[in-house]
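Report on the structure
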Amino acid sequence: MTRMEILQGTLDVLVLRTLGGGARHGYQIARSIKARSDEVLQVEEGALYPALHRLERRGWVQAEWGLSENGRRAKFYSLTVAGRNALRSESAAWDRYTAAVGKVLADSEVEADPA
Amino acid sequence: MSVWSDVRSALGRRGVVRDVDEELEAHLLHRVDDLLAEGVAPNEARARAEAEFGDVARIRETCAEERINAARRDVIPVGVAILGQDLAYAARQLRRSPGFAAVAVVTLALGIGATTTIFGVVDSVVLAPLPFHDPDRLVFVEETTPRGDPFSVAEPNYLDWRARASTFSDLAASTGRTATWTGDGEPRDLRSAWVSASFLDVLGVAPVLGRNFQSDEDRPGERGAVTVLGHEAWQRIFGGDSSVLGRSLVLDGVAHTVVGVLPPDISFLDDVDVLVPLGADPATDRGEHYLDVVGRLAPGSSLEAARAEMAALARSIGDAHPEIAGWGTRLVTVREALVGQGLERAGWMLLGAAALLLLIACVNVSNLMLARASARRAEVGVRMALGAGRGRIARQLLTESLLLSTLGGAAGFALTYVAIPAVQALGGARIPRLDQAAVSPAVVLTCLAAIVGAAVLFGLAPVLDLRGGRAAEALRSARHVDSGGGRRMRSAMVVTQVALSVMLLLGTGLLVRSFLRLAATDPGFDPDGTMTLALSMPDRVYDAPARQLLVREILDATRAVPGVVAAGATAVAPFQGMNLGNFTAREDRMPADRRDFLPIAWRVVTPGFFRAMGMDLLAGRAFRDDDGWEDGLPVIISATLAEELWPEGDALGGDGAVGSTLVWGDPEGSRMTVVGVVSDLRDIAPGEVPPPIIYRTHRQIPWAAMTVVARVRETTPATAAAIRAAVRRAAPGVALPDVGSLRAFMRDAVAAPRFNVLVLGAFAATGLLLALVGVYGVTSFAVSRRVREIGIRLALGGDPSDIRRMVLAQSLRMAVFGVALGSGAAWLASRWVAGLLYETGPHDPVTWVTVPLALLGAAVGAAYVPARRATRVHPREALAED
């Protein structure tokens, strides 16, 4: 299985999507992204945190200290209203982009195989 | 996150880092938990968690930056956040070049400190409102002689004015006296003013305690034995006791009841200890002038209207009393009289000079910054390449200027706390209201304005310079590229500096010339080796014969003190702001009309006075102890008077005068016999034209306040103490002040011009120094930029002296240009100092030749050091530089 290095903008969208399901702490977010991408997208776990803080600075997520399911202190992130709007528009843009890429790839496959 | 934790994280970087640390640690612990659950060995789990996580330190740093920016943005407006970053950056930059920072801060501290200090002084002396109600409506009214000379006012005239003038809502009169206060051990002299009951009302001054005089206490012949204390005297004598009202004060042997206390800091009253009622008498001689009259303009009437009315009044009084026909009035606003044009002019001149100094300082710092800017071009280039906008960099540069200027301003502000007292000490007691100068809110505002103004002024050049720079070009060769624009700008700055300091130096030169002339004027007496003692013999305690006797005894006692060579006394101590005037004529050529009599000054002196003063007897004889009204009323006249009335007399001062008869005052006046002619005395003010003087004896006019002048072998404290003790024994009831000297009188008399010279001189010296530093700096810089070129020239056999000449010529060009520019500006501005000059034209050739030449010389000197250095450049080193 080829592993793909993740792009920064992509990571933001992934984080927003993950938080779309409710508040999560950093480790949960990291696990969740890994699991949802079938472990294809390899996130260097640490890289998640600058992204989280960046999103917080933009006002898309907010953070609060709480207790995790392990009984440990952890910082929980959740989407703000602005974050929810951003998730919608970013997801839409991302979907359009992937669709376009997919279409280009599909077309070229057709040309390549004139059966 | 709550706002408060935001604030905390915004404020404390450490708090932010801890927060991030905890979060990352939580991640690692959760991972370790999972790995342990998967069955990984505990000692491996931690290492694996960290490996999966990546570079913990780097990530922590990135997160912390992100958080700090976020918090800043939430709590502080963006502009402020950027300012904060800029300030931090600027502070780092300054720390990196402490030499530059120190020079800039000191330079600015001098400029800002000088400006702020002088503003504080001008604010107090010139600008501060007078401490009276509606002071602009207050007018002094004086009489004028038929020739137009201003004169004090006679009591009946004041009373007539007060009764008849409608342009004034009221008039008041006062006269300064000395009162001897007894009852507390040693008799002491108090400065007293006899004032009309209307006096405080006209000024609009209300006593802080008690009351003003009532009109029934201000009647001729029955003056109330009441007194209002000056604020300072109240503190001094009664310790500020508020139960002072009703207490008694024995003044001139009469018990006065204290009825009131004046507020503090009432200019022209602040040196008065006690006020007593005047009781102006309509029966007094209209020829006796000694009152100061002040009036408050009636609502709706103007100064012009008052002038017209008073002139008409004077004419009508003159018609009714022919002996004072021809006398007029002169009205001067209190403000003009107290502040005076001279002070105002001097104040603005010094403020202008301080501003020039600040400008020079700004130009100097600007120059330093430009030099640094070209050295920093690489840094700026990197920042521009990294995407910093020109606006952002300009902003950064301005922030740096503001930081520097604030540091300099703070130092300058601290300086004012030292400088204002120093300036006050320089000015002495003769400059009114100087003692009230202090760091006021207005001074603080000036300081702030100076800081911002300076920052904009010197911060502008580097920003303008930036416009010429291009990132790529800057990066290519930071060391050797010096934009033509930058060089031109720096040269222009040195030219400006030189020009400004030429202006300061020219002004100083003129004042110094004027001061030297003033100080060198011959007062007509020898001020060295003298001691003086001002005495007053209150006429309520001592009648006329008693005063005559007392003065003789005091002088005899003084002469008996070992070391005293001669002693005499005078009613008019030199340079103490006092003068006595009258009119005279030769009896054999007496004009019919008293208006054609010659105005003269007159003095009451004792035998021994001329010797004690070191004056020369030119003809006839000196006074003797028995010179009274007998023997044809002997008087002695000054050389000028002898020459004026007896022009046919010989060069010695006119033997023709001796034995002749003079008439005192008017055609019916006393006939006086001239028994001697003495050298001229110029005792009114330094440099003032000597008036013709008639000397009369104390036996003829037993004046109450006399100043003893003793010529001594040695002016030691022991002699002073011995004189004081002798006088004390001879006159136990007379108050004894400290022993002074004629030299001290003279020093006081030139205090104001000396003050101007010293302050302006200090500015000019500082300005010159800064300008020379500028010339030196720019020349050094030019040389260091041309090391390679010079090296090549030398390598090709160039003559070192040619190179030196080339460098010097460049600096000289700047200096000549600056001197020309500054001289031109000074020529136009010189009329501003003209009013402050004594016998020195504003275009005094000596000053105008010396100063520019001296400055050119100094500039060449400052350029010489780097020029020499240029010739020592070793070709190999020069070429190897890079």
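Described below are features of the structure shown in this document.

Thresholds, definitions, all that
Residues numbered from 1 in each chain as written. Chains lettered and ligands numbered in written order. Predicted model: local features only at pLDDT ≥ 70, side-chain atom pairs only at ≥ 80, totals over all residues. Heavy atoms only, no water. Contact = heavy atoms within 4.5 Å. Buried area = accessible area lost by both parts, 1.4 Å probe. Salt bridge = Lys/Arg side-chain N within 4 Å of Asp/Glu carboxyl O. Polar contact = N/O pair within 3.5 Å; in protein donor to acceptor, adjacent residues only side chain to side chain. Helix = DSSP H or I, 4+ residues; strand = E, 2+ residues; numbered from the N terminus. Nonpolar A, V, L, I, M, F, W, Y, C, P; charged D, E, K, R; others polar. Patch = residues over 30% accessible without salt bridge, like charges linked within 9 Å, V, L, I, M, F, W, Y side chains within 5 Å. Areas by Shrake-Rupley, 256 points an atom, 1.4 Å probe, with all protein chains shown as cover. Core = buried A, V, L, I, M, F, W, Y, C linked by side-chain atoms within 4.5 Å. Buried < 20%, exposed > 50% of the residue type's maximum accessible area, 1.4 Å probe, protein only. Pairing = 2+ DSSP bridges. 1 Å grid on protein atoms, 1.4 Å probe; cavity = no way out; pocket = protein on both sides within 12 Å on 5 of 7 lines; lining within 4 Å. Points joined across faces, edges and corners; volume = space filled by probe spheres on them.

**A word on the interface of chain A and chain B**
Taken together, the 26 residues of chain A in the interface contact 24 residues of chain B. Around 2300 Å² of area is buried between chain A and chain B when both sides are counted, 50% of it from carbon and sulfur atoms. Ranking the residues of chain A by area buried against chain B places Y27, Y49 and R57 of chain A at the top, with a combined share of 29%. In this structure, the connection of chain A to chain B is made through four salt bridges. E22 of chain B serves as the salt-bridge partner of R73 of chain A, at 2.8 Å between the closest nitrogen and oxygen. Counting the contacts that link chain A with chain B gives twelve residue pairs in polar contact (both at pLDDT 80 or more). Elements with a contribution of two residues or more to the side of chain A that touches chain B: α2 (26-36), α3 (48-58), β4 (61-67) and β5 (73-79) of chain A. In terms of residues, the side of chain A that touches chain B owes the most to one element, α3 of chain A, which gives seven residues. Its residues placed into classes, the side of chain A that touches chain B shows nine nonpolar, six polar and eleven charged.

**Notes on a nonpolar patch on the surface**
Taken together, L402, V452, V456, L460 and L464 of chain B make up a surface patch of nonpolar side chains, about 400 Å² in accessible area. Per element, the largest residue contribution to the nonpolar patch is four residues, and it comes from helix α15 (residues 441-468) of chain B.

**What to know about the nonpolar core**
Residues and elements named next belong to chain B. I118 and F763 are the most contacted members of the largest nonpolar core, which has 74 residues in total. Contributing elements (two or more residues each) for this core: α6 (98-127), α12 (341-375), α14 (390-427), α17 (484-520), α23 (751-785), α24 (787-795), α25 (800-829) and α27 (845-871). Take this core: its biggest share by element is twelve residues, from α17. If you look at the next biggest cluster of nonpolar residues, it comprises 49 residues, including I637, A642, A726 and V727.

**What about the environment of D216 of chain B?**
Relative to the assigned elements, D216 of chain B resides in the loop between β6 (209-210) and β7 (218-219). Taking the C-alpha atoms as reference points, D216 of chain B and P277 of chain B, separated by 61 residues in sequence, lie 9.9 Å from one another.

**Considering the sheet that holds β5 of chain A**
Residue and element names in this part refer to chain A. Taken in spatial order, the three strands of this open sheet run β2-β5-β4, and their pairing is antiparallel. The sheet terminates laterally at β2 (24-25) and β4, the two strands that pair on one side only. Of the strand pairs in this sheet, β4 and β5 are connected by seven bridges, and their pairing is antiparallel. Residue pairing in the sheet places Q62 in a bridge with S78 of β5.

**Digging into empty space enclosed by the protein**
Residue and element names in this part refer to chain B. On inspection of all chains with the given rule, the structure shows six cavities of 30 Å³ or more. Taken as a whole, the second largest cavity holds about 70 Å³ of empty space. What lines the second largest cavity is E143, N157, W161, A314, I317, G318, I324, W327, G328 and T329. Of all the secondary structure elements, the ones that give two or more residues to the lining of the second largest cavity are α7 (155-164), α10 (303-320) and β14 (328-333). When residues in the lining of the second largest cavity are grouped by element, the largest group, three residues, is from α10. A class-by-class count of the residues in the lining of the second largest cavity yields five nonpolar, four polar and one charged.

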